[in-house]
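An overview of the molecular structure
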Amino acid sequence: MILKETKLIKDLQQKSESAFKELVDSYQKMVYNTVLVIVQQEQEAEDIAQEVFIQVYMSIDGFRQDAKLSTWIYRIATTKALDWERKKKTKKRFGKILSFFSNEDERVYEAVDFDHPGIQLEKKEQANVLFKALKKLPDNQRIAFILIKMEGLNYQETSEVMNTSLKAIEAYMHRAKINLQKIIGNQ
Amino acid sequence: MKKFYSEEIDQIIQSIDGIEQAEPSAFFYNKLMHKMQQKRIQKQYSFIFQFKPLLVIASLSLLVFINAFMLIKQTDQSHQTIANKSIPTNTVYDFSEDYQLNTTTNY
């Protein structure tokens, strides 16, 4: 497995197209799903996932292999998704300010409730409440919660993705659960 | 607004347990390749125009220089023509010669 990954990285560094296709085939679901639960919009998630692979292709030469390839890709995916959210918030704020000065409606519309296609039908309503609450969590807690509860990573892997200690991840998860209870309870 | 009880809250938090992975679109790879191609073209285009301000200033300067040069050249030529036209000595002399205007008469 490690040997296969090393060869894939080497081929990617030589800009092999077949290696890139192999990378996309192997990791597209992982990247798309991670981004999807962060941004909660299917079309945007696909665009961001594509940007993640472009970033991987462009910066693979600088990948030092001190982490697993999947860890590195998770890191890029979460960073890109959070960046997109920040830009969206700025745009929204800017839109609000502009609407004060112009007659035209400059509002940035919020997407309606997010329906994750992988949730069982009988749990959809509850999941919608959870996704809404997740948006209100601080970034660190949210990413830790998503990687562990949805992506199925263990605490050690999550700490590697988030470039922090195991103890910090435990704390993030603990606080995430408490905050979610509070947010949902106050909804 | 609906209020949730603690048992319900726990159920909500657990609602994502056993979540299945969503599928990206079937043409994900093709769209990605298209996007990369677009970015490559944009990069080439931006490389050509990365010196844009410099290019614009140089082009404008060249244009102004050519215009000024042509203007000066034309003005010089027209000055010369006027100067030439202002002393049509031969023409006047020939004319007076033809009509014998330079001969003295007794009248």
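Thresholds applied
Residues numbered from 1 in each chain as written. Chains lettered and ligands numbered in written order. Predicted model: local features only at pLDDT ≥ 70, side-chain atom pairs only at ≥ 80, totals over all residues. Helix = DSSP H or I, 4+ residues; strand = E, 2+ residues; numbered from the N terminus. Contact = placed C-beta atoms within 7 Å. Nonpolar A, V, L, I, M, F, W, Y, C, P; charged D, E, K, R; others polar. Axes fitted to C-alpha atoms, helices over the stretch in contact; angles between N-to-C directions. Parallel < 35°, antiparallel > 145°, perpendicular 65-115°, else oblique. Domains from an automatic or database assignment. Bend = angle between axes of the 7 residues up to and from the residue. Buried ≥ 20, exposed ≤ 12 C-beta atoms within 10 Å, placed from the backbone.

1. Structural notes on the overall build of chain A
Counting secondary structure elements, chain A contains eight helices and zero strands. Starting at the N terminus, the α and β elements of chain A follow one another as α-α-α-α-α-α-α-α. Across chain A, the fraction of contacts at a sequence separation of at least 24, relative to all contacts at a separation of at least 6, is 54%.

2. Description of the interface of chain B and chain A
Each partner contributes residues to the interface: chain B has 21 residues there, and chain A has 29 residues. When contributions to the side of chain B that touches chain A are tallied by element, the ones reaching two or more residues are helix H1 (6-14) and helix H2 (28-48) of chain B. Here the side of chain B that touches chain A gets seven residues from one element, more than from any other, and that element is H2(B). Each residue belonging to the side of chain B that touches chain A can be placed in one class, and the counts come to 13 nonpolar, four polar and four charged.

3. Brief notes about the packing of helix H5 (residues 124-134) of chain A against H1(B)
Their axes nearest at 8 Å, the elements H5(A) and H1(B) cross at an angle of 85°. Between H5(A) and H1(B), the angle is such that the two are roughly perpendicular. For the pair H5(A) and H1(B), contact is made by A:Gln126, A:Val129 and A:Leu130 and by B:Gln11, B:Ile12 and B:Ile13, respectively. Class assignment for the residues of the contact of H5(A) with H1(B) results in four nonpolar, two polar and no charged.

4. So, the domain arrangement of chain A
Residues and elements named next belong to chain A. Domain annotation for chain A reports domain 1 (1-111) and domain 2 (116-187). Of note, the centres of domain 1 and domain 2, computed from C-alpha atoms alone, are 19 Å apart. Counting from both sides, the interface comprises 11 residues of domain 1 and, opposite them, nine residues of domain 2. Those elements that place two or more of their residues in the side of domain 1 that touches domain 2 are helix H2 (17-39) and helix H4 (69-101). Broken down by element, the residue count for the side of domain 1 that touches domain 2 peaks at five residues, all from H4. When grouped by side-chain class, the residues that make up the side of domain 1 that touches domain 2 number five nonpolar, five polar and one charged.

5. A closer look at H2(A)
By the largest-angle criterion, A:Tyr27 marks the main kink of H2(A), which is about 55°. Once H2(A) finishes, A:Gln40 follows within two positions and takes phi at roughly 60°, a positive value.

6. A closer look at the environment of A:Asp25
Residues and elements named next belong to chain A. One can find Asp 25 in helix H2. Looking at Asp 25, the number of C-beta atoms within 10 Å reads 11, which means it is exposed. Separated by 23 residues in sequence, Asp 25 and Ile 2 place their C-alpha atoms 18 Å apart.

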